[in-house]
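In case you want the letters, here they are:
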Amino acid sequence: MVRDNMVRDDLRSRVKALLAATDPATTDRLDFLRARFDAGLAWANFPEGLGGLGLPRAFQPYVDQLLEAGGAPDNNPLRNGIGLGMAAPTILAFGTDQQKQRFLKPLWTGEEVWCQLFSEPGAGSDLAAVSTRAVRDGDSWVVNGQKVWTSAAHKARFAILLVRTDPNVSKHAGLSYFVCDMTDPGVDVRPLRQLTGEAEFNEVFLTDVRIPDSYRLGEEGQGWKVATATLMNERVAIGGAAAPREGGMIGVVARTWRDRPELRTAELHDRLMTLWVEAEVARLTGQRLRQKLALGQPGPEGSAMKLTFARLAQQLSGLEVELLGEDGLRYSDWTMVRPDIVEFTGRDAGYRYLRAKGNSIEGGTSEILRNIVAERVLGLPAEPRTDKDIAWKDLPK
Amino acid sequence: MTSESTNSDPDDLNLLYTDVEDSLRESIHDLLTARCTPERVVAAYDGDRDLQLGLWRSLSVDLGLAGLLVPEDRGGAGATAREAAVVLEELGRFVAPVPFFTSAVVATTALLQGDDDETLGQLAAGGCTAALVVPFSASATSFRPTVRADNGKLQGRVTSVVGALDADVLLVPVSTDAGVELHRVEASGTGVGVEPVVSLDMTRQLADIDFTGARSTQVTVAESGDAAVRDALELGAALLASEQLGVAQWCLDHTVSYLLDRKQFGRPVGGFQAIKHRLADLYVMVESAHAAARYAAATAADHDPDRRLAASVAQAYCSEVAVKAAEECVQLHGGIGMTWEHPAHLYLKRAKADQIAFGTAGAHRLRLGELVGLPVVPA
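Residues numbered from 1 in each chain as written. Chains lettered and ligands numbered in written order. Predicted model: local features only at pLDDT ≥ 70, side-chain atom pairs only at ≥ 80, totals over all residues.

**Overview of the overall build of chain A**
From N to C terminus, chain A includes 11 helices and seven strands. Its C-alpha atoms give chain A a radius of gyration of 23 Å, within 12% of the compact-globule value 21 Å for 397 residues. Counting only C-alpha atoms and orienting by the principal axes, one finds that chain A spans roughly 70 × 60 × 45 Å. Looking at chain A as a whole, 41% of its 397 residues are labelled buried. (Helix = DSSP H or I, 4+ residues; strand = E, 2+ residues; numbered from the N terminus. Rg over C-alpha atoms; globule rule 2.2 N^0.38 Å. Buried ≥ 20, exposed ≤ 12 C-beta atoms within 10 Å, placed from the backbone.)

**Thoughts on the domain arrangement of chain A**
All names here are of chain A. Partitioning chain A into domains gives domain 1 (1–74), domain 2 (77–221) and domain 3 (240–377). One C-alpha centre belongs to domain 1, the other to domain 2, and the line joining them spans 30 Å. Taken together, the 10 residues of domain 1 in the interface contact eight residues of domain 2. Classifying every residue of the side of domain 1 that touches domain 2 by side-chain character gives seven nonpolar, one polar and two charged. (Domains from an automatic or database assignment. Contact = placed C-beta atoms within 7 Å. Nonpolar A, V, L, I, M, F, W, Y, C, P; charged D, E, K, R; others polar.)

**Quick notes on the domain arrangement of chain B**
Residue and element names in this part refer to chain B. Split into domains, chain B comes out as domain 1 (10–129), domain 2 (147–223) and domain 3 (226–371). If you look at the interface, domain 1 gives 26 residues, while domain 3 gives 33 residues. Counting residues per element, the side of domain 1 that touches domain 3 draws most heavily on helix 4 (residues 81–93), which supplies 10 residues.

**Things to note about the packing of helix 4 of chain B against helix 7 (residues 222–261) of chain B**
All names here are of chain B. Packing of helix 4 against helix 7 brings their axes to within 7 Å, and their N-to-C directions diverge by 40 degrees. Viewed along their axes, helix 4 and helix 7 adopt a mutual orientation that is oblique. Crossing hand, helix 4 versus helix 7: right-handed. In contact with A81, A84, A85, L88, E89, E90, L91, G92 and R93 of helix 4, helix 7 contributes L235, A238, L239, S242, E243, Q244, L245, G246, V247, Q249 and W250. Of the residues contributing to the contact of helix 4 with helix 7, the split by class is 11 nonpolar, five polar and four charged. (Axes fitted to C-alpha atoms, helices over the stretch in contact; angles between N-to-C directions. Parallel < 35°, antiparallel > 145°, perpendicular 65-115°, else oblique. Left-handed = near helix turned anticlockwise from the far one by under 90°.)

**Thoughts on the environment of K349 of chain B**
Residues and elements named next belong to chain B. Within the element layout of this structure, K349 appears in helix 10 (residues 344–356). Sequence-wise, K349 and R204 are 145 residues apart; in three dimensions their C-alpha atoms are separated by 9.9 Å. Sequence-distant contacts of K349, that is, excluding residues within four places in its chain, are made with L200 and D201.

**Re the interface of chain A and chain B**
Across the contact, 35 residues belong to chain A and 36 residues belong to chain B. Only helix 7 (249–259), helix 8 (266–294), helix 9 (301–324) and helix 11 (366–377) of chain A provide two or more residues apiece to the side of chain A that touches chain B. With 17 residues, helix 8 of chain A is the single largest residue contributor to the side of chain A that touches chain B. For the side of chain A that touches chain B, the residue count by class is 19 nonpolar, seven polar and nine charged.

**Some details on the environment of D394 of chain A**
Residues and elements named next belong to chain A. Considering the arrangement of structural elements, one finds D394 in the segment after helix 11. Under the C-beta neighbour-count criterion, D394 is labelled exposed, with 11 such atoms within 10 Å. Spatially, the C-alpha atom of D394 lies 9.9 Å from that of K171, the residues being 223 residues apart in sequence.

**Re helix 8 (residues 273–301) of chain B**
Residues and elements named next belong to chain B. Between its first and last C-alpha, helix 8 extends 42 Å over 29 residues, near the 42 Å set by a 1.5 Å rise per residue. Within helix 8, 24 of the 29 residues are buried, which leaves the element mostly enclosed by the surrounding structure. Looking one or two residues beyond helix 8, the residue adopting positive phi is H303, at roughly 50 degrees. (Expected span 1.5 Å × (residues − 1).)

**Some points on the pairing of strand 4 (residues 169–176) of chain B**
On a regular strand, each side chain points to the face opposite its neighbour's, so the side chains alternate between the two faces of the sheet. Residue and element names in this part refer to chain B. Judged by how many residues are buried, strand 4 sits mostly within the fold: six of eight residues are covered. Both strand 1 (residues 130–132) and strand 4 contribute to a ladder of three bridges, which runs parallel. Bridge pairing links A130 to V169 in strand 4. Strand direction decides the pairing type here: strand 2 (residues 147–150) and strand 4, joined by two bridges, are parallel. Note on strand 4: the bridge partner recorded for V147 is V174. In sequence, strand 4 turns back onto strand 5 (residues 179–186) through a hairpin of two residues. (Pairing = 2+ DSSP bridges.)

**Describing unusual backbone geometry**
Trans peptide bonds make up most of the peptide bonds, and negative phi angles are found at most residues other than glycine. Residue and element names in this part refer to chain B. Its identity as a non-glycine residue notwithstanding, V95 has a phi of 35 degrees, on the positive side. Examined against the element boundaries, V95 turns out to sit in the loop between helix 4 and helix 5 (100–112). Classification of V95 by C-beta neighbours within 10 Å gives buried; the count is 27. Residues other than glycine seldom take positive phi values, yet F358 does so here, at roughly 55 degrees.

**Some remarks on the confidence of the model for chain B**
Residues and elements named next belong to chain B. Scored by pLDDT, chain B comes out at a mean of 95, with 97% of its residues at no less than 70. Counting contacts from residues 1–8, a segment whose pLDDT is below 50, to residues more than four positions away or on other chains yields 11 contacts. What the predictor reports for the complex is a pTM of 0.91 with an ipTM of 0.95. (pLDDT = per-residue confidence, 0-100.)

**Digging into the environment of M6 of chain A**
Residues and elements named next belong to chain A. Locating M6 in the fold gives a position in helix 1 (residues 2–21). On the basis of neighbour counts, which here come to 10 C-beta atoms within 10 Å, the residue M6 falls in the exposed class. Separated by 261 residues in the primary sequence, M6 and E267 have C-alpha atoms spaced 53 Å apart.

Have a look at this one:
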């Protein structure tokens, strides 16, 4: 605790120095963000020289508070969720020095938005089955294939990309991981309209896309290992944020209950309070998980949090449509748009209900997460595998 | 004892265990592993109460658990609800048939409001055992006394009281014109009839109690008697969640290990996906129950303003998780789970009885609605 206080004192003086040297009121937003990165105040847990100070992640909210209080702009993290939450930690863990220097700073400032080219029409839960091929051609690779469920692809400057570089070995062994320049002429991004009416995601067609070998993350054939690290970060991001009581979907439904007394019935009340209790317990469970992580007792428990989050979002949004009665029959707008930022608790009840269906599919389906919990937490036997020791090219497709 | 606290942010409360709590757990666990075996516990259903007395003496006197919640200057250990919760987790894990909850938590909490330090000291030292005379289904919001004082002598009947069969001293909420008083009565005195009841959970057997002119001493006056009873029921609800957690954790642990071992169709049954998914769901629930129970204990220990809400959240959640875990335990054990020989039924009966104790989940949800401004119908 004494050490914590010393770190906080140090952070306070660093923030003060930054604000003194670069007054946010008179500095261009991007210039300020770059200066903040150079001062090591972007992400506390990153190393010095790469926007951080090598501190535990838990100190970052403190820095953010100090800077916000000082009138500093933030990097609009919601606009680059994939970049900050998934690409950056992967680049940090597997990138070369050159790659870290090139990519991390503009990623953090938001100048360069990132997307993720992982899922394919034939590789969803079975992600290691990706069939997008990369063939070596001198110092670069030529990529052909199709990716899907890519959010922000139409705004992205770069992507993290999982491809097959060797079809003659087993499916996990033949993968490699690259950074893909989304401005390459062979990249074709098409909106993928979903059941809400809008297109939050894209399909991405890759035709003879050239990627320099210097854009490879990790060794050739080590793509699965790198991708697994990325996905772990995704689940930490989804299940891990601290929330106030009645934050998220429960808050939206509770507000409707308070605002519309004429809709209340005893039966709906018991269902509402059942979910209120579960939402509060989920919040406390997240708090407890963060306390465990702070003590260095990490594990696959993030998967458990995500299971709960998805179920509650679906049940709560479903309850709200029902609670609204006649108004629940109406929908705000089916117009096809490409939203800039997606908020699960945004728009109207019908939208929330439909969008929440994705919560148990994206970032690991609830069924796959239950397998993970059962196998890695409870130690139950793994699913029988018929595809492990066969060359990818010989697998039934 | 801490007074109504103020400065602590409930978000900073430790939901894990301290080193002291871990070592407390270890000592109880070792004792119960040696002494409180399922074969001995199940004997309670056939009327054998031998285990109770010896085990309680070891826990209350040798380990000093009886005085956990009593401040040091009143003869106790001066611990808090956090440590008591850890004790209850372990007792739940063994469905231990001892009156820790009824005497050292509920009755003791009621007595702390009064000035009968002699009884309190005896309780703390394990020299006597007490029970609060309320139905086990009573809750802090709904309880009304059914006993009256007539010329200084008690008259009335209270049904389904827990802990009374183990108690030397009965603490009786008495309804008077001025309010609720708390009275102390010798359990073996004249005018007190303690009738054992065949109970769903014989590891915490009920009794119906008739007061027919029993002599009593007033422990708290009418102004504070109501608060004493309510405090006791409130803390009881908060900490019962930890017992329910212990029950649920045992059920999960033992079901997982059984299903790793048990083979059908040439495979461990725990390898079938339909089973794995049920166990994963159960794991998520038990982990969540951990958070709810620890938060209830931590807020109670700190006298945090959030403690009532936390108690209702914990009861509404953990009581259902314990039942679910015990039901899954029976089902996933298959035939053996239905037998008298296998201990699963001990946990099922405890969990089901606990579900009704100190307010059902539904009653706590109703109260929460009031506490958080989500009332059932327009005012």
